[in-house]
Amino acid sequence: MKILQPSWVHHDDKPIFSIDVHPGGEKFATGGQGNDSGRVVIWNLVPVIDEEAERDKNVPRILCQMDNHLACVNCVRWSGSGTMLASCGDDKLIMIWKRSAGGGSSFGAGKTAEHWRCAATLRGHAGDVLDLAWSPQDKYIASCSVDNTVIIWDAKDFPTILRVMKGHTGLVKGVTWDPVGKFVASQSDDKTLKLWKTSDFSLFKTITEPFEECGGTTHILRLSWSPDGQYLVSAHAMNGGGPTAQIIERDGWKCDKDFVGHRKAVTCVRFHNSILKRTVPNGNKSQQYCCLAVGARDKSLSVWLTALQRPLVVVHDLFDDSILDLSWSHNGYILLTCSGDGHVACLQFSSDELGTPLSEEDKNNLYQRMYGKDITLDINAQSDKDMIIENAELLNISQNKIVPPTLIPQQSPTPVLKTSNTANDTSIKTVQKTTTTSAVTSTIIPTSQEQTQRPILKQIETKTSDGKRRITPMFIPLNDTVTTPLSSNEFSSSSASKSEIIKVETISDDPPQPTTIPKTNGTDLIPSHSSKLEDKTGKLDNRLKKMTLAPAQVDSIPEGDSSESAAKSSISQQNLRQITQPPPASGKANPLPGVQTRGVGDYRIQIANNSIKSGYGALCRIVGNLLSVPRADKKVWETVIGSPVVSVAVSRKNVLLCSLDGGIRFLDIGTGSPLLPVISLTSPVVLSCFSANCKLGAVLTENSTLRIWDLVDLSIYLSANCADIMGTSFASLFHVTDQGIPFIVLANGSSYSYSKKLESWIIANSADPITRHGLISTKAGAPIRNVKTFPLATIQSFSTSSPLKARSFVENSNNGWQNSAMLAFVENQIKIAEMINSQNEMKHWYLMLGFQLGQYGDESKIRQVLDGLMGSSFNMLENGHEPDSKIAGISKLVLAGEILDQLKAHPQWQRIYMEYNDQLKMCQKQPSAALNPTPPPSSEEVSKSNGSA
């Protein structure tokens, strides 16, 4: 054995608290105090063990120095693959380092041979982070802190926190993984060592006996697990008043053995990375064992073999201060150690002293014999195998990666037919009814679809009689796999089939002709689902009808009475080319400025306030135009209103005009005839809209009065007041579903829906921390803008409040509330979807409920939910319970099946899954007579029956 102490390995005479050798064996990392910050240094190991390399000036000693930590670094650990280095410190942070190409420079170290960058910063602890440990296969990383917690991080998705494990009542100073993958062990100042199951990271066992006599404390308590998984050795234990390193056997977790001899408390232990073997002296048998190094506050180091009763090596007074960390090289014969005095030492062993490491094949064979599994298996699969899979159906499912359900399933992109530039090609494969949005909103398209789905852009060129060219652009939106966002204007205008998809297939050999489709610069041009549209036969709707018009006639202004020619010219046929954007909502009713144009399908409604002067006052002129009429003058009706129009909405059947005097007019869009007499409200309207099926018309007034009318029965459908929810804000978005359910989004980001059944407002979105945490965690706040299919998700995506920050929910160490908060959020989402009769969303949130219960639920809650949907096995067909009853039109059995599908991916719930799955199959096989049993005969029928007998 050789002992080397390279004097050039130091942190400028500052303490070095941690050391770790790279899996490749060519370098090592140290962590500790820098000049004015925490310091991590990556060193070249070659000049440490080779004198010639040490003398060679061309061989770099420092490979990289990182001074990013704001306070002292307490631990550095390489990942098993060697591609990442984790460091933690007194700044409460964990930094994940990855190597970049080329060399680099660092603060105070000049040019370095390697460049390592901080790839992720993990924030979650509320105090100093003292120790780190990578899991087998580098899937997770565990950290412990003086905030009494252990956090499990997802190493495949930094900075995701998988679990915050609480239970210690003192500072947690050491953490290590079971190499078999079943447990995580942690040691704390509270004189306990705790074992946590990796299947669900719940507490498995607390060991206290070896630590009851411990007095005082140490800076760290680095414990270690033997590579065969049979022994866990702790730091700072006591036996008979003397300090020991306690051996905890896996078999029964017995604590009757320990390593003794150190005069002061043991601070760190570290097992050799490999299982060793050698031939027994005076025999031919091969002996397998493990090797362990122990460091203590008495400045001494000891090396032990589990096959020997006494230590292999004891080195006294190796440093001038406590030994704080140990690390074995992966070739098995180099041991590095560091001290609080700022120095490191290297111990070199030979194969004769330590033995020969087992090969990976022999190691895996040993694991197969001891545990019935291969060490190379994924840690999740290993931890799940703590339980025997009792149902063959679940064997493959339990190995699959568990992913949360998504509201819109990812579909393979629909191929889009490329449009040829030749004049003879006019094939159109897909047309989606949509609108262009303002710059405030944006369409979210997955990357895979971005590359394959492109809008079809086409233009039609026409030459006029005077030789000028006229270019008419035609935009054909993306196919039905893309969700189109809705702007605020789309809610307050007609909702006619905003998210409907129509399939149009036409094959024509005729050259393209000029079309009357205007350029969609606004957001109110909402193509209608025309009755003339026949998808199956491939006919075009009126929007795509080819028309041959003389170009000079398109721009002509209809002749009018000479006395009113100036007024009438303000409403020009030229204005039909462009849909006018309604002014932004302000909570106040203001007359529409200039000439406003609203459109749906082929209809264009033009509104011009104060366009006609009369002896009784200014009049507002309303003109209805139909683009498909084969003449230059598109006007089909005209009317006037005696008060300025402040809000207008159009549908495929009707026009809703709201004036400043509080008047409300419903007109037929084809004739301009009134549908109802003029209705008057106490204040003018600020927002108005139609339902998508055109059967309901709704208004919201300046004094928060809400009215919805049934335009089929010509009656009031809903009358309510929303002053309670307005507060100091005002409505910015307004929408009514086909079922007559109103949605209001306020300028402060809150959104509400009204329940006619409850006669109350329901909160859809607010600044409540539970709601905000739920939206960001389930990505429900993502901009899904399909109000017809996903009304709740669409409304919740509109929020002008401060952006949600995922990190804000993990900066607090008290993360135990998140599971309860998520469950409360999901269950509330289910009730909202049920109340607004949104079947797609309710089914999704039941899936999310199953996901949450499978990941974080307990048995009592799972049974409560399933019993609520299916009934318990004892009263399933009693007390009038109908197992096939529905919620919002969806069978309860279907919803129960969705939850069971989520549970079956978790082996810990396999028995509950099998129990309720059998019950579900029994319910589905019940005949209708059993599900709806005939009521017992009445006493009168019984008496008649007895009399006839």
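Rules behind the numbers
- Residues numbered from 1 in each chain as written.
- Predicted model: local features only at pLDDT ≥ 70, side-chain atom pairs only at ≥ 80, totals over all residues.
- Heavy atoms only, no water.
- Helix = DSSP H or I, 4+ residues; strand = E, 2+ residues; numbered from the N terminus.
- Buried < 20%, exposed > 50% of the residue type's maximum accessible area, 1.4 Å probe, protein only.
- Areas by Shrake-Rupley, 256 points an atom, 1.4 Å probe, with all protein chains shown as cover.
- Pairing = 2+ DSSP bridges.
- Axes fitted to C-alpha atoms, helices over the stretch in contact; angles between N-to-C directions.
- Salt bridge = Lys/Arg side-chain N within 4 Å of Asp/Glu carboxyl O.
- Core = buried A, V, L, I, M, F, W, Y, C linked by side-chain atoms within 4.5 Å.
- Contact = heavy atoms within 4.5 Å.
- Disulfide = S-S within 2.5 Å.
- Phe/Tyr/Trp six-rings, centres within 6.5 Å; stacked < 30°, edge-to-face > 60°.
- Lys NZ or Arg CZ within 6 Å of the ring centre and 35° of its normal.
- Polar contact = N/O pair within 3.5 Å; in protein donor to acceptor, adjacent residues only side chain to side chain.
- Parallel < 35°, antiparallel > 145°, perpendicular 65-115°, else oblique.
- Left-handed = near helix turned anticlockwise from the far one by under 90°.
- Nonpolar A, V, L, I, M, F, W, Y, C, P; charged D, E, K, R; others polar.
- pLDDT = per-residue confidence, 0-100.

*Asks:* I would appreciate a short explanation of the overall build of the protein in the present structure.
*Replies:* In terms of helices and strands, the protein carries 20 helices and 56 strands. By residue count, 53% of the 949 residues in the protein fall in the buried class. A total accessible area of about 42,000 Å² is found for the protein, and carbon and sulfur atoms account for 49% of it.

*Asks:* Looking at this structure, how should I read the sheet that holds strand β39 (residues 595-600)?
*Replies:* Across a sheet, paired strands are connected by hydrogen bonds in the backbone, their directions being either parallel or antiparallel. Taking strand neighbours across the sheet as the criterion, the four strands line up as β39-β40-β41-β42 in an open arrangement whose pairing is antiparallel. Each having just a single partner strand, β39 and β42 (635-641) make up the two edges of the open sheet. Across the sheet, the mean angle from the axis of one strand to that of its neighbour is 20 degrees, orientation sign disregarded. Of the pairings in the sheet, the one linking strand β41 (residues 617-626) to β42 comprises six bridges and is antiparallel in character. Pairing of Asn 625 across the sheet is with Lys 635, part of β42.

*Asks:* Hey, could you run me through the pattern of salt bridges in this one?
*Replies:* When the charged atoms of two side chains lie near each other, side chains of opposite charge can form a pair. Tallied over the entire structure, the rule returns 22 salt bridges. A salt bridge links Arg 222 to Asp 325, with the shortest nitrogen-to-oxygen separation between them at 3.6 Å. Taken together, the positions of Arg 222 in the loop between β19 (203-207) and β20 (224-225) and Asp 325 in strand β31 (residues 323-328) put the pair 103 residues apart, joining distant regions of the chain. As far as the burial class goes, Arg 222 and Asp 325 line up, both buried. When the shortest N-O distance is used, the salt bridge between Glu 638 and Arg 621 registers 2.6 Å. Of the two residues, Glu 638 sits in strand β42 while Arg 621 sits in strand β41, which places them 17 residues apart along the sequence. Each of Arg 77, Asp 131, Arg 222 and Asp 325 takes part in salt bridges that share partners, so that together they form one network.

*Asks:* Just checking my understanding: could you explain the sheet that holds strand β26 (residues 276-279) for this structure?
*Replies:* Here three strands make up an open sheet; going across it, the order is β27-β26-β34 and the pairing antiparallel. Each edge of the sheet is formed by a strand with only one pairing partner; in this case those strands are β27 (286-289) and β34 (356-357). Taken together, the four bridges between β26 and β27 define a ladder with antiparallel strand orientation. Within β27, the position partnered with Leu 276 by the bridge is Tyr 289.

*Asks:* Which parts of the structure should I look at to understand the nonpolar core?
*Replies:* Nonpolar side chains in soluble globular proteins tend to end up buried together. In terms of nonpolar packing, the biggest core is built from 36 residues, with Ile 664, Phe 666, Leu 700 and Phe 734 touching the most fellow members. Setting aside its immediate chain neighbours within four residues, Ile 664 contacts Leu 656, Leu 657, Cys 658, Pro 677, Val 678, Ile 679, Leu 681, Val 685, Val 699 and Trp 709. In terms of nonpolar packing, the next biggest core, distinct from the first, is built from 35 residues, Leu 823, Ala 833, Leu 893 and Leu 900 among them.

*Asks:* Can you help me understand the state of the cysteines in this one?
*Replies:* Here, the word disulfide means a covalent bond between the sulfur atoms of two cysteines. In this structure the tally under the stated criterion is zero disulfides. Note on Cys 144: no disulfide assigned, nearest cysteine sulfur contributed by Cys 88 at a separation of 7.4 Å. Residue Cys 144 is classed as buried on the basis of its relative accessible area, which comes to 0%.

*Asks:* What am I meant to see in unusual backbone geometry here?
*Replies:* With glycine set apart, most residues show a phi of negative sign, and most peptide bonds adopt trans. For the bond from Phe 158 to Pro 159, the omega torsion is 0 degrees, close enough to zero to count as cis. Its place among the elements puts Pro 159 in the loop between β14 (149-154) and β15 (161-166). The phi torsion at Phe 201 lies on the positive side, around 55 degrees, for a residue other than glycine. By secondary structure assignment, the location of Phe 201 is in the loop between β18 (192-197) and β19. Positioned with a positive phi, Asn 610 is a non-glycine residue whose angle comes to about 55 degrees. Within the element layout of this structure, Asn 610 appears in strand β40 (residues 603-614). Note on Asn 610: relative accessible area 41%, which makes it partly exposed.

*Asks:* Help me out: how do you make sense of the pairing of β15 in this one?
*Replies:* Consecutive side chains of a regular strand alternate in pointing toward one face of the sheet and then the other. Across five bridges, the pairing between β14 and β15 is antiparallel. Among the inter-strand pairings, Trp 153 is bridged to a residue of β15, identified as Ile 161. Between β14 and the antiparallel strand that follows it, β15, lie six residues.

*Asks:* Any chance you could explain the environment of Val 745 here in plain terms?
*Replies:* Note on placement: Val 745 falls in strand β52 (residues 742-746). Distance in space between the C-alpha atoms of Val 745 and Phe 730 is 8.5 Å, their sequence separation being 15 residues. Beyond its immediate sequence surroundings of up to four residues, Val 745 is in contact with Phe 730, Ala 731, Ser 732, Leu 733, Ser 750, Ser 751, Ile 795 and Phe 798.

*Asks:* It is not clear to me how the packing of aromatic side chains should be interpreted in this structure. Could you clarify?
*Replies:* Any pair of aromatic rings gets described here by the distance separating the centres and the angle formed by the planes. Going through the model one piece at a time under the given rule, you end up with 15 aromatic pairs. Relative to Trp 116, the ring of Trp 78 lies with its centre 5.4 Å away and its plane at 70 degrees, an arrangement referred to as edge-to-face. Here Trp 78 is found in strand β6 (residues 73-78), whereas its partner Trp 116 is found in strand β11 (residues 115-123), with 38 residues between them in sequence. Each member of the pair, Trp 78 as well as Trp 116, is classed as buried. For the pair Phe 183 and Phe 204, a centre-to-centre distance of 4.9 Å together with 45 degrees between the ring planes defines the contact as tilted. Taken together, the residues Phe 183 in strand β17 (residues 183-188) and Phe 204 in strand β19 connect sequence positions 21 residues apart. Residue Phe 204 is classed as partly exposed on the basis of its relative accessible area of 39%. Feature note: the residues Phe 183, Phe 204, Trp 225 and Trp 253 constitute an aromatic cluster, connected by ring pairs. The side chain of Lys 756 reaches across the aromatic face of Tyr 717, ending 3.9 Å from its centre.

*Asks:* Could you clarify how one ought to interpret helix α12 (residues 769-778) in this entry?
*Replies:* Along an α-helix, residues three or four positions apart point the same way, because every turn accommodates 3.6 residues. The complete set of buried residues in α12 reads Thr 771, Arg 772, His 773, Gly 774, Leu 775 and Thr 778. The secondary structure elements touched by the buried residues of α12 are β54 (760-765), α13 (791-797), α14 (817-835) and α15 (839-856). Sitting at the amino-terminal end of α12 is Asp 768, which places a side-chain oxygen 3.1 Å from the backbone nitrogen of Ile 770.

*Asks:* Can you walk me through the side chain of Ser 100 in this structure?
*Replies:* Tracing the sequence through the fold places Ser 100 in strand β8 (residues 93-100). A distance of 3.5 Å separates polar atoms of two side chains, one belonging to Ser 100 and the other to Arg 117. Leave out the neighbours within four places in its chain, and Ser 100 touches His 115 and Arg 117.

*Asks:* Would you take a moment to explain the pairing of β54 for this structure?
*Replies:* Relative to β54, strand β53 (residues 751-755) is paired through five bridges, and the arrangement is antiparallel. Looking across to β54, one finds that Tyr 752 is bridged to Ile 763. Connecting the antiparallel pair β53 and β54 is a turn made up of four residues, with Glu 759 showing a positive phi of about 55 degrees.

*Asks:* Explanation requested: the packing of α14 against α15 in the structure shown.
*Replies:* For any two helices packed against each other, the geometry comes down to the angle between their axes and how far apart the axes lie. Packing of α14 against α15 leaves a shortest axis separation of 9 Å and a crossing angle of 160 degrees. Here α14 is positioned roughly antiparallel relative to α15, judged by the angle of their axes. Where α14 crosses over α15, the handedness of that crossing is left-handed. In contact with Asn 819, Met 822, Leu 823, Phe 825, Val 826, Glu 827, Gln 829, Ile 830, Ala 833 and Glu 834 of α14, α15 contributes Glu 841, Met 842, Trp 845, Tyr 846, Met 848, Leu 849, Gln 852, Leu 853 and Tyr 856. Split by residue class, the contact of α14 with α15 holds 13 nonpolar, three polar and three charged.

*Asks:* Before we go on, may I ask you to explain the packing of α15 against helix α16 (residues 859-870) in this structure?
*Replies:* Direction vectors running N to C along α15 and α16 enclose 150 degrees, while the axes themselves pass 10 Å from each other. The pairing of α15 with α16 is recorded here as roughly antiparallel in orientation. Here α15 and α16 pass one another in a crossing that is left-handed. Residues Tyr 846, Leu 849 and Leu 853 of α15 form the contact with α16, whose own contacting residues are Lys 861, Ile 862, Val 865 and Leu 869. Along the lines of polarity and charge, the residues of the contact of α15 with α16 split into six nonpolar, no polar and one charged.

*Asks:* What is the right way to read the confidence of the model for the protein from this model?
*Replies:* Parts of the model with low pLDDT should not have their predicted coordinates read in detail. Residues at a pLDDT of 70 or more form 71% of the protein, whose mean pLDDT is 76. Below a pLDDT of 50 lies the segment residues 474-569, which in the model reaches 272 contacts outside its immediate sequence neighbourhood of four places, other chains included. This stretch, residues 928-949, has a pLDDT under 50; its non-local contacts, to residues over four places away or in other chains, come to nine contacts.

*Asks:* Help me understand the environment of Cys 658, please; the structure alone is not making it clear to me.
*Replies:* Looking at where Cys 658 falls in the secondary structure, it is placed in strand β44 (residues 654-659). With a relative accessible area of 0%, Cys 658 lands in the buried category. For the pair Cys 658 and Val 646, spaced 12 residues apart in sequence, the C-alpha separation works out to 5.9 Å. Not counting residues up to four positions away in its chain, the partners in contact with Cys 658 are Pro 644, Val 645, Val 646, Ser 647, Gly 663, Ile 664, Val 685, Ser 688 and Val 699.

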